[in-house]
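Here is how the chains run, residue by residue.
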Amino acid sequence: MSVSPEQEAVEQRLVDTVVASFDACRSPRLREVMTALTRHLHAFLREVRPTEEEWGAAIEFLTKAGHITDDVRQEFILLSDTLGASMQTININNEAYRDATEATVFGPFFVQDSAEVELGGDVAFGAPGEPCWVEGTVTDTDGKPLAGARIEVWEADADGLYDVQYDGAKRAARGHLFTDADGGYRFWALTPTPYPIPNDGPVGQLLDAVGRSPLRAAHLHFMVAHEGSRTLVTHIFPEGDPVGWNDSVFGIKESLIKTFDQQPAGTPTPDGRAVDGAWSRVRFDIVLAPSGV
Ligand code: BEZ
Ligand code: FE
């Protein structure tokens, strides 16, 4: 929509005045951020030209997001996730480096102090789901094995819920372990299944209004740390997942899609463990970038 030169001048004068209001800001970075925010916000308003009712609806949306947010529910991060802002911030802060494994969203379900499991141990801790054997190596970008790397894993169970979404303090479908002298690791987990992000708040209503699904592509979370390496926060996604590229938080990346080989009931397991029914297996070789890149 075009506006008259007089109207254009009124609108531009306001932008310039707000930008100038940050001239005395003592922090150059804060000044840069506030100036860019003002320019982009006003460009958005001048393009969309909201009615006052629409402006009010936006304020009400943010107010509801504030009201539903508490120590465990963070609706503003969910908003950032569903607009791709979290993923873009991760892209910016984890620059591609040689063949280093790509990062993706952290999500709200990580818990400090998960239980340690031995190599070959089971992080399911009784959570429902199909057993999945996960194995691989952790190396640096020169291919050197990284012994003693700490691998944290966490995931939703077959009902699409993380342990922290149940009443009670039981911890399941999460744990940590350390790589062996050759950088190798192996453990039992659950074959990942798709699940919805929390959608009973304003972000869920927004997704519904725009015709988007709250489902996340099935995934298994990893956080991998080793002295001298950039800590990697990522997931692996089973190939052929029905949600796939429609992941509600835009976390999927081609390099993170892995083949989870289905094993019919009765197939011998890699460690001789007796498994009732079918299971799956996946290999994920992790490459850590050096810290500081
Ligand atoms: C998750 O991976 O569990 C998640 C990530 C972003 C928003 C909600 C959930
Ligand atoms: Fe998740």
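The model shown is predicted, which means the values in this text are computed figures rather than measured ones.

Colleague: Looking at this model, I keep getting lost on the overall build of the protein. Mind explaining?
Modeller: In terms of helices and strands, the protein carries six helices and 12 strands. Counting only C-alpha atoms and orienting by the principal axes, one finds that the protein spans roughly 80 × 40 × 35 Å. Here the protein holds 293 residues, and 41% of them are scored as buried. When contacts within the protein are restricted to residue pairs at least 6 apart in sequence, long-range pairs at least 24 apart make up 70% of them. Accessible surface for the protein amounts to roughly 16,100 Å². Of this, 55% is attributable to carbon and sulfur atoms. The centroid of the 24 positive side-chain charges in the protein is displaced by 5 Å from the centroid of its 45 negative side-chain charges.

Colleague: Looking at this structure, how should I read the sheet that holds strand β3 (residues 174-178)?
Modeller: Strand pairing in a sheet takes place through backbone hydrogen bonds and is either antiparallel or parallel in direction. If you walk across this open sheet you meet the five strands as β3-β2-β7-β8-β9, and the pairing is mixed. Strand pairing shows two members of the sheet lacking a second neighbour, β3 and β9 (257-258), which therefore form its edges. Bridge analysis of strand β8 (residues 232-238) against β9 gives two bridges, and the strand direction is parallel. Residue pairing in the sheet places Phe-237 in a bridge with Ile-257 of β9.

Colleague: Help me understand a nonpolar patch on the surface in this model?
Modeller: A contiguous nonpolar patch, built from Leu-37, Leu-41, Phe-44, Leu-45 and Val-48 and spanning about 430 Å² of accessible area, is present on the exposed surface. Here Val-48 shows up in helix α2 (residues 28-48).

Colleague: Would you mind showing me how to read helix α5 (residues 85-93) here?
Modeller: Structurally, the α-helix is built with 3.6 residues per turn, so residues lying three or four positions apart point the same way. Listed as buried for α5 are Ser-86, Met-87 and Ile-90. Seen from one end, α5 has its buried residues packed into an arc of 95°, which puts them on one side. Next to the buried residues of α5 lie α4 (75-82).

Colleague: Can you help me understand the coordination of the iron ion (ligand 2) in this one?
Modeller: Six octahedral donors around a metal ideally subtend angles of 90 or 180 degrees, whereas four tetrahedral donors ideally subtend 109.5 degrees. Listed as protein donors to the iron ion (ligand 2) are Tyr-162 (OH), Tyr-195 (OH), His-219 (NE2) and His-221 (NE2); their distances from the metal cover 1.9 to 2.1 Å. Geometry at the iron ion (ligand 2) is irregular, judged from the six donor atoms that bind it and their angles of 53 to 177° at the metal.

Colleague: Help me out: how do you make sense of the packing of aromatic side chains in this one?
Modeller: The description of two aromatic rings rests on the distance between their centres and on the angle between their planes. Per the counting criterion, the structure on display carries 11 aromatic pairs. Each ring, one from Tyr-185 and one from Phe-222, has its centre 6.3 Å from the other, and the planes form 70°; the classification is edge-to-face. Of this pair, Tyr-185 sits in strand β4 (residues 184-190) while Phe-222 is found in strand β7 (residues 220-225), placing the two residues 37 residues apart along the sequence. The pair formed by Tyr-185 and Phe-222 is uniform in burial state, with each residue classed as buried. Ring geometry for Phe-222 against Phe-284: centres 4.9 Å apart, planes inclined by 75°, an arrangement best described as edge-to-face. Remark: Phe-284 occurs in the loop between β11 (279-283) and β12 (286-288) and Phe-222 occurs in strand β7; sequence separation between them is 62 residues. By the burial criterion, Phe-222 is buried, and Phe-284 matches it.

Colleague: Would you mind showing me how to read the environment of Ile-252 here?
Modeller: Along the chain, Ile-252 falls in the loop between β8 and β9. Along the backbone, Ile-252 and Val-105 are 147 residues apart, and their C-alpha atoms lie at a distance of 9.0 Å. Non-local contacts of Ile-252, meaning those with residues more than four positions away in its chain, are made with Ala-217, Phe-237, Gly-244, Trp-245, Asp-247 and Ile-257.

Basis of the calculations
- Residues numbered from 1 in each chain as written.
- Chains lettered and ligands numbered in written order.
- Predicted model: local features only at pLDDT ≥ 70, side-chain atom pairs only at ≥ 80, totals over all residues.
- Heavy atoms only, no water.
- Helix = DSSP H or I, 4+ residues; strand = E, 2+ residues; numbered from the N terminus.
- Buried < 20%, exposed > 50% of the residue type's maximum accessible area, 1.4 Å probe, protein only.
- Contact = heavy atoms within 4.5 Å.
- Areas by Shrake-Rupley, 256 points an atom, 1.4 Å probe, with all protein chains shown as cover.
- Lys, Arg positive; Asp, Glu negative; His and termini not counted.
- Charge placed at Lys NZ, Arg CZ, Asp CG, Glu CD.
- Pairing = 2+ DSSP bridges.
- Patch = residues over 30% accessible without salt bridge, like charges linked within 9 Å, V, L, I, M, F, W, Y side chains within 5 Å.
- Salt bridge = Lys/Arg side-chain N within 4 Å of Asp/Glu carboxyl O.
- Arc of directions from axis to C-beta.
- Donors = N, O, S within 2.8 Å, 3.2 Å for Na, K, Ca; no water.
- Tetrahedral: all angles 85-135°; square planar, octahedral: opposite > 155°, others 65-115°.
- Phe/Tyr/Trp six-rings, centres within 6.5 Å; stacked < 30°, edge-to-face > 60°.

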